[in-house]
Amino acid sequence: MSDDFVSTSRADRAKKYLLGKDGWIFLDHDSNRVIDQITGRHLLDQQGVDAWRKLILDRDQYVASIGAQHLMFVAPNKELVYSEQLPDWVEIAEQRPIHQIMAALGPKRAKKIIYPLDSIRAANDQALTYPKTDTHWSGFGAYIGYDAFCAGLSNSGIEPLRIDSSRVSFEEVPYIGDLGVKFEPPVSALTLAARIEGANGRLAFDNRIPNRGRIRVFVNKDTTLPRCVMFGDSFGGNLLPFLKESFSILVYVYGKSFDRELIEAYQPDVVLSQFVERFLIEPPVDTPSFTYASVIRTKLKLLSKDDLVFVTEQAANIETAVFPLRAIYQSLLCAHSGRAIPPDLVAALKDRHPDNSEAQHMVSVELSRLGERLDEARVYAERAVKTEPWSARARHQLALTLMRLEQSNQAEAQLRKAIELDRTVEWWNYQLAQILFRQQKYGPCTEALHEYIARRPDSSDAWQLLGRCHEALSNIEDAAEAFVRASDARPEWTWPLLKLANLRVRSKTDPEQGLVATDRLLEMVFQARERAEIYMLRSQLHEVNGQKDKAIEAAMRSNELVPDWEWAKTTLMRLNAQRKRRQIV
């Protein structure tokens, strides 16, 4: 380490690090305020304490109801493991969020929380448990944490197969880490990488989703070992090389919230909640219907092309015993690529995932795609909404289905709720306007369109629909302006020009503007029938303008283009008759 890194200043908040003694780097100015946490300046409020107590007890009760053991593991902050390397002004408080949570639980439940701070600090005399340039523990530190976990599991009545220390070796390797990378140029320090001799666990599934939503499944040659489903963060990822040796199946989910469908699909003996200590400042939220399928759906777009190919092939070939949620994952990949979901997957979604909102949503979308099964599509859309009433996407799908079923009032209600839940999807306001227009609610329709156009002033579709609303409300000039704006936004689109010309005919106002519109139309339209219709519009506009001869000329052009068109004939005859009468007079 360079001598430049000996300052203990906290002045540069943008860097998010604190320089300690002897080249040690610590996290600082982070969103969790770790330095303020360990010094007692940033604690849980009573609401946070109560939330943690309820969460842990609820998880205990739920996991027990499925015949498994729930363990909570807290990986200690590096700042506490190597507190002697912190600047002298940092004084460690006796009361931190971990202590608040334990006190709220009471001594009996609190002692079941695995918090290996003391054992890891004691191990510092043996080897490096955390590197200088990273917030995460080293391979050796993770092994000490793993050993503490095994002890906690044993205390809960499940005797794990522990990795004998003789099978584990550690190698010093240079490592930049998440703190070293904050420097320019990046700095590195040694860490300890673990090696396990004769490993029996192997990675069998990896969806490669970055961070939250990543799922990895490990299988062990020894199928008699217990099964574990683990929810955790990046510290948990460092435990995986060891944990996979102690379970017949180990499912690691990167995320704080429980996914009950996933848990129950694996029928585990152990459910592990793992947190790094600094994350305790924000209690996670569990809902019985939550599924990581919705997280994965939104993050598939982050995968590279090669990763998408890999996960698609993997999902097609993985055994359901290894990944019971295979049908959902394959369906998500189909939807992501724009492909129809095959009937066998649709059937699997119906049969195996009746309480999964994402599955119900995909079934509804697929049935809607078929067209003739809209009533069934509505049933599944309603199930998705019932499962997750806060899901804007689920309500939007229900609204679209109701709209296609011509149940406009109900469609409007669902779409308004979807917009209320998620105002970031701009085009939902346009869809709402379409529903309102079908119901002839022209005033509310214009309001929805104005809100949409404020964010999308280049939308020709919105401008033309606004023009039709104003026309229905007899706001002639507002309608004309909207049709002009629609045409300006998409000059090659003939529809707004036709609407403008017809508006001027029907309202008998500003025929010159209508004639300009037909001039542009004639430059764009080349089929005989369409040109004949435009000339008939010109005839009517000239007539409104009092230009009878030009009206006759335009009608003649229309009749020449389509000689058998009755309206053009009769119009021409009427105009000629009127001219004769004028000549007689």
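See above for the structure.
Residues numbered from 1 in each chain as written. Predicted model: local features only at pLDDT ≥ 70, side-chain atom pairs only at ≥ 80, totals over all residues. Heavy atoms only, no water.

### Considerations on the overall build of the chain
The number of helices and strands found in the chain is 27 helices and 10 strands. A compact globule built from 585 residues should have a C-alpha radius of gyration of about 25 Å, whereas the chain, at 34 Å, is more than 25% larger. Surface exposure of the chain reaches about 27200 Å², of which carbon and sulfur atoms provide 49%. Charge separation in the chain, taken as the distance between the mean sites of 76 positive and 79 negative side-chain charges, equals 6 Å. (Helix = DSSP H or I, 4+ residues; strand = E, 2+ residues; numbered from the N terminus. Rg over C-alpha atoms; globule rule 2.2 N^0.38 Å. Areas by Shrake-Rupley, 256 points an atom, 1.4 Å probe, with all protein chains shown as cover. Lys, Arg positive; Asp, Glu negative; His and termini not counted. Charge placed at Lys NZ, Arg CZ, Asp CG, Glu CD.)

### Looking at helix α26 (residues 548–561)
Residue pairs spaced three or four apart in an α-helix point in one direction, given the helix's 3.6 residues per turn. For α26, which comprises 14 residues, the first-to-last C-alpha distance of 20 Å matches the rise-based estimate of 20 Å (1.5 Å per residue) to within 8%. Of all the positions in α26, only A551, I552, A554, A555 and S558 are classed as buried. Each buried residue of α26 lies within a common arc of 165° when the element is viewed along its axis, so the set occupies one face. Across from the buried face of α26, at angles greater than 90 degrees, the exposed residues are D549, E553 and E560. (Expected span 1.5 Å × (residues − 1). Buried < 20%, exposed > 50% of the residue type's maximum accessible area, 1.4 Å probe, protein only. Arc of directions from axis to C-beta.)

### Comments concerning the layout of surface pockets
Here the largest pocket defines a volume of roughly 460 Å³. Around the largest pocket, the lining is made up of 21 residues, and of these R297, S391, A392, R393 and A394 lie nearest the centre. Ranked by residue count, the leading element in the lining of the largest pocket is helix α17 (residues 392–404), at 6 residues. (1 Å grid on protein atoms, 1.4 Å probe; cavity = no way out; pocket = protein on both sides within 12 Å on 5 of 7 lines; lining within 4 Å. Points joined across faces, edges and corners; volume = space filled by probe spheres on them.)

### Notes on the pattern of salt bridges
For side chains of opposite charge, pairing can occur when their charged atoms come near one another. Evaluated as defined, the whole model comprises 33 salt bridges. Close ionic contact of K441 with E412 constitutes a salt bridge, the shortest N to O distance being 2.8 Å. Here K441 is found in the loop between α19 (427–438) and α20 (442–455), whereas its partner E412 is found in helix α18 (residues 408–421), with 29 residues between them in sequence. Looking at E412, the relative accessible area reads 10%, which means it is buried. Between D458 and R456 there is a salt bridge, and its shortest N-O distance comes to 3.1 Å. Take D458: its relative accessible area is 48%, and that puts it in the partly exposed class. Because the salt bridges share partners, they merge into one network encompassing R33, D36 and R41. (Salt bridge = Lys/Arg side-chain N within 4 Å of Asp/Glu carboxyl O.)

### Some details on the nonpolar core
Residues W52, W137, F149, M230 and L243 are the most contacted members of the largest nonpolar core, which totals 71 residues. By residue number, the principal contributor to this core is helix α7 (residues 139–155), which donates 9 residues. Ignoring any residue separated from it by four or fewer positions in sequence, one finds W52 in contact with L44, M72, I101, F275, L280, E282, P283 and P284. Core analysis: the second largest hydrophobic core is formed by 50 residues, F290, A293, C334 and V363 among them. (Core = buried A, V, L, I, M, F, W, Y, C linked by side-chain atoms within 4.5 Å. Contact = heavy atoms within 4.5 Å.)

### Section: empty space enclosed by the protein
Scanning the entire structure with this criterion turns up 1 cavity of 30 Å³ or more. In this structure, the largest cavity is lined by 14 residues; those nearest its centre are I215, A293, I296, L325 and I328. Among the elements of the structure, α10 (260–266), α11 (293–299) and α13 (326–337) are those that each provide at least two residues to the lining of the largest cavity. At 3 residues, the largest contribution of residues to the lining of the largest cavity is made by α13. For the lining of the largest cavity, the residue count by class is 10 nonpolar, 2 polar and 2 charged. (Nonpolar A, V, L, I, M, F, W, Y, C, P; charged D, E, K, R; others polar.)

### Topic: the environment of E447
Relative to the assigned elements, E447 resides in helix α20. Judged by relative accessible area, E447 falls into the exposed class, the value being 58%. Linking E447 and M556, residues 109 residues apart in sequence, is a C-alpha distance of 44 Å.

### What to know about the sheet that holds strand β3 (residues 69–75)
Here 6 strands make up an open sheet; going across it, the order is β3-β10-β8-β9-β7-β6 and the pairing mixed. In the strand order of this sheet, the two ends are held by β3 and β6 (201–206), each with one partner. Across this sheet, the average inter-strand angle for adjacent strands is 20°, counted without regard to direction. When strand β8 (residues 227–232) meets strand β9 (residues 249–254), the two strands line up parallel, connected through 6 bridges. Its bridge partner lying in β9, M230 is registered against Y252. (Pairing = 2+ DSSP bridges. Axes fitted to C-alpha atoms, helices over the stretch in contact; angles between N-to-C directions.)

### Some points on the packing of helix α21 (residues 460–472) against helix α22 (residues 476–489)
Contact geometry of α21 with α22 gives a least axis separation of 8 Å together with a crossing angle of 165°. The orientation of α21 with respect to α22, classified from their angle, is roughly antiparallel. Note that α21 runs across α22; the crossing there is left-handed. In this structure, α21 contributes S460, W463, Q464, L466, G467, R468, H470 and E471 to the contact, and α22 contributes D478, A479, A482, F483, R485, A486 and A489. The class makeup of the residues in the contact of α21 with α22 is 7 nonpolar, 4 polar and 4 charged. (Parallel < 35°, antiparallel > 145°, perpendicular 65-115°, else oblique. Left-handed = near helix turned anticlockwise from the far one by under 90°.)

### Here we look at the environment of V219
You can see V219 is positioned in strand β7 (residues 215–220). On the basis of relative accessibility, which here comes to 13%, the residue V219 falls in the buried class. Each C-alpha atom, one on V219 and one on Y535, is 76 Å from the other, the two residues being 316 residues apart in sequence. Excluding its chain neighbours within four sequence positions, the residues that come into contact with V219 are N200, G201, R202, A204, S248, I249 and V322.

### Digging into the packing of aromatic side chains
Following the criterion strictly, the structure yields 23 aromatic pairs and no others. Ring centres of W24 and F26 lie 6.2 Å apart, and the angle between their planes is 20°; this geometry places the pair in the stacked category. Taking relative accessible area as the criterion, W24 reaches 5% and is therefore assigned buried. Ring centres of Y143 and F242 lie 5.5 Å apart, and the angle between their planes is 55°; on these two criteria the pair is classed as tilted. (Phe/Tyr/Trp six-rings, centres within 6.5 Å; stacked < 30°, edge-to-face > 60°.)

### Brief notes about the pairing of β7
Of all 6 residues that make up β7, 6 are buried, and the element is covered over most of its length. Both faces of β7 are covered, namely the face carrying I215, V217 and V219 and the face carrying R216, F218 and N220. One ladder, built from 5 bridges, connects β6 with β7; its direction is antiparallel. By the bridge assignment for β7, R202 is matched with V219. Sheet topology places β7 next to β9; 5 bridges connect them, and they run antiparallel. Residue pairing across strands places I215 opposite V253, the latter belonging to β9.

### A short note on unusual backbone geometry
Here the bond from E184 into P185 is cis, since omega is 0°, no more than 30 degrees from zero. Structurally, the position occupied by P185 is in the loop between α8 (177–180) and β5 (189–196). A positive phi angle is found at Q267, which is not glycine, with a value near 50°. Within the chain, K508 stands out as a residue other than glycine whose phi angle is a positive 55°. For K508, a relative accessible area of 61% corresponds to the exposed category.

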